[in-house]
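One letter stands for each residue in the lines below.
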Amino acid sequence: MADTTIWIKIETKKADLRKKLDEIIHSIEGMKVQMPQDTRQDTLLIFEMGDDIDNEFQHIRSLLNSDEVAEVFLISKNSDPAVLMQAIKIGAKEFFLLPLKEEEVQQALEKFKEKWEKINRKKSPQLGKIITIFGCKGGVGATTVAVNLGVNLAQKESVKSVALIDMNMMFGEIPLFLELDPGYHWGEIVKNISRLDSTFLMNILAKHSSGVHVLPSPATLSDSRSAIPDMMSHLIGFMQKLFDFVIIDAGQFVDEISLKIMELSDNILLISLLSLPCISNANKILQSISELKTFPEERVKIVINRYLSKSDIPLDDAEESLHKKTFWTIPNDYSTTVSAINNGTPLYMAAPRAQITRSLNDLADTFVEKEENQKKWWQILTKH
Ligand SMILES: Nc1ncnc2c1ncn2[C@@H]1O[C@H](COP(=O)(O)OP(=O)(O)OP(=O)(O)O)[C@@H](O)[C@H]1O
Ligand SMILES: [Mg+2]
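Residues numbered from 1 in each chain as written. Chains lettered and ligands numbered in written order. Predicted model: local features only at pLDDT ≥ 70, side-chain atom pairs only at ≥ 80, totals over all residues. Heavy atoms only, no water.

Caption draft 1: Looking closely at the overall build of the chain. A tally of regular secondary structure across the chain gives 17 helices and 13 strands. Overall, the C-alpha framework of the chain stretches about 80 × 50 × 45 Å when taken along its three principal axes. Across the 384 residues that make up the chain, the buried fraction comes to 49%. Across the chain, contacts joining residues at least 24 apart in sequence account for 75% of those joining residues at least 6 apart. Summed over all atoms, the accessible surface of the chain reaches about 19,900 Å², with 51% contributed by carbon and sulfur. (Helix = DSSP H or I, 4+ residues; strand = E, 2+ residues; numbered from the N terminus. Buried < 20%, exposed > 50% of the residue type's maximum accessible area, 1.4 Å probe, protein only. Contact = heavy atoms within 4.5 Å. Areas by Shrake-Rupley, 256 points an atom, 1.4 Å probe, with all protein chains shown as cover.)

Caption draft 2: Local environment of the site of ligand 1. Near ligand 1, the surroundings consist of 21 residues, among which Gly139, Thr143, Thr144, Asn305 and Asp333 are the closest. With respect to ligand 1, the backbone of Gly139 contributes an N or O atom lying 2.8 Å from an oxygen atom. Backbone polar atom of Gly141 to an oxygen atom of ligand 1: 2.9 Å apart, as the coordinates give it. Considering ligand 1 on its own, with 630 Å² of exposed area, one finds that the protein chains cover 86% of that surface. Sorting the residues of the shell around ligand 1 by element identifies α5 (142–154), β12 (300–307), β13 (326–331) and α14 (334–342) as the ones contributing at least two each. Tallied by class, residues from the shell around ligand 1 come to nine nonpolar, nine polar and three charged. (Near = heavy atom within 4 Å. Polar contact = N/O pair within 3.5 Å; in protein donor to acceptor, adjacent residues only side chain to side chain. Nonpolar A, V, L, I, M, F, W, Y, C, P; charged D, E, K, R; others polar.)

Caption draft 3: Examining helix α1 (residues 15–26) more closely. Under the 1.5 Å per step criterion, the end-to-end length of α1 is 16 Å for 12 residues, consistent within 8% with the ideal 16 Å. Those residues of α1 that fall on the buried side of the exposure criterion are Leu17, Leu21, Ile24 and Ile25. Across the axial projection of α1, the buried residues extend over an arc of 95°, all falling on one side. Exposed residues pointing more than 90 degrees away from the buried face of α1 are listed as Ala15, Asp16 and Lys19. (Expected span 1.5 Å × (residues − 1). Arc of directions from axis to C-beta.)

Caption draft 4: Representation of the packing of aromatic side chains. With the rule as written, the count across this model stands at five aromatic pairs. Ring plane angle 75° and centroid distance 5.8 Å describe the contact between Phe73 and Phe96, whose orientation is recorded as edge-to-face. Placement of Phe73 in strand β4 (residues 71–76) and of Phe96 in strand β5 (residues 94–97) is noted, with a sequence separation of 23 residues between them. Take Phe73: its relative accessible area is 1%, and that puts it in the buried class. Under the relative-accessibility criterion, Phe96 is labelled buried at 3%. Aromatic rings pair up to connect Phe73, Phe96, Phe112 and Trp116 into one cluster. In this structure, Arg195 is placed above the aromatic ring of Phe200, and the distance from its NZ or CZ to the ring centre is 4.4 Å. The residue whose ring lies beneath Lys301 is Phe327, and the NZ or CZ to ring-centre distance is 4.4 Å. (Phe/Tyr/Trp six-rings, centres within 6.5 Å; stacked < 30°, edge-to-face > 60°. Lys NZ or Arg CZ within 6 Å of the ring centre and 35° of its normal.)

Caption draft 5: Layout of the pattern of salt bridges. Applying the stated criterion across every chain, the model contains 10 salt bridges. The shortest N-O distance in the salt bridge between Lys111 and Glu94 comes to 3.9 Å. With Lys111 in helix α4 (residues 102–123) and Glu94 in strand β5, this residue pair connects regions lying 17 residues apart in the sequence. Note on Lys111: relative accessible area 57%, which makes it exposed. (Salt bridge = Lys/Arg side-chain N within 4 Å of Asp/Glu carboxyl O.)

Caption draft 6: Seen up close, the environment of Ser290. Mapped onto the elements of the fold, Ser290 is located in helix α12 (residues 276–292). Among the residues examined, Ser290 registers a relative accessible area of 35% and is labelled partly exposed. A polar contact of 3.2 Å, which involves the side chain of Ser290, links it to the backbone oxygen of Gln287.

Interpretation in functional terms is not warranted from these geometric data alone.
Here it is as structure tokens:
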């Protein structure tokens, strides 16, 4: 597992200032101070300016230009606006005046950490993508989309591993959709969260022939109740390190756990039908997300399931009401989906040539690299 520590270098001649900065940095999880003799590349330099301003600015500029440090925070006793302007010009991200206000530094470090983790998450091959499937109402097809998106992703050449998590508390249906008889569920993990390691987790997951690993939901209320947002977030964060994709069937209930999961997700597919109650619910969900501001609303993508080109509510009207474009439409095909569900088979195996199967395969393609070749899909088509 890669070291995700954010290493920070402090350059100051004042021992008391170094001590104070050291304390602030160590109070933030995941941040550590680099020893002066340590030569590894640091992510952030906190630099206290002295009296040789021109030379110091030149030094900082060359560090930033050579990418030796990603960002620089400056500390100075000099409140001259010209110095501040110069600091901004050379690219310093923060400028703190002495005496140091601890809170200001702490906030700036937290902001830096958030940004750094976001960038690293995008770059890091170790962290998989989390895609949450959320139904804006019961029965709209959330599980159908989650299961088929998961198994379709697992067929892609560039995807090595996919996990499917069922968050439908007592009423999880993923095992039925995939004819699995799992022995364990995530309730067991959250009860033993301190024991969570890859061996324990991989032993608990049920493996489907498509290659997807399934983590079902507990079948009883008492087991479901052991979940709290922090534990689920720990579990999902852990799974993200082991799988290229973590697909979560989040059902349709907005609660603290589902909000936490959405917060962790790279994308949220909001499954809706072109019906008045669904559009109305989708509207409420989008509005709540934009009010809560815990994650950007752009992460939410509207997927219209059971789409018929001639419907009472045209797609344009729905989009106008939601103030959002539709990301995907999935054609209406009840007999194919229900037969696949009743046989416990994903669509790519049950009906590889059906339009709905194609649509769900193309949906999976939107989450993998463009150069993904379609060879495997053709192998599947000719096999089934
Ligand atoms: N594109 C589709 N066309 C026609 N029927 C569909 C489509 N997608 C799903 N269905 C049908 O809708 C029903 C509900 O699907 P599914 O169980 O996936 O929905 P859900 O949102 O997970 O429901 P629940 O709220 O019970 O968890 C199933 O009978 C399924 O066959
Ligand atoms: Mg469901």
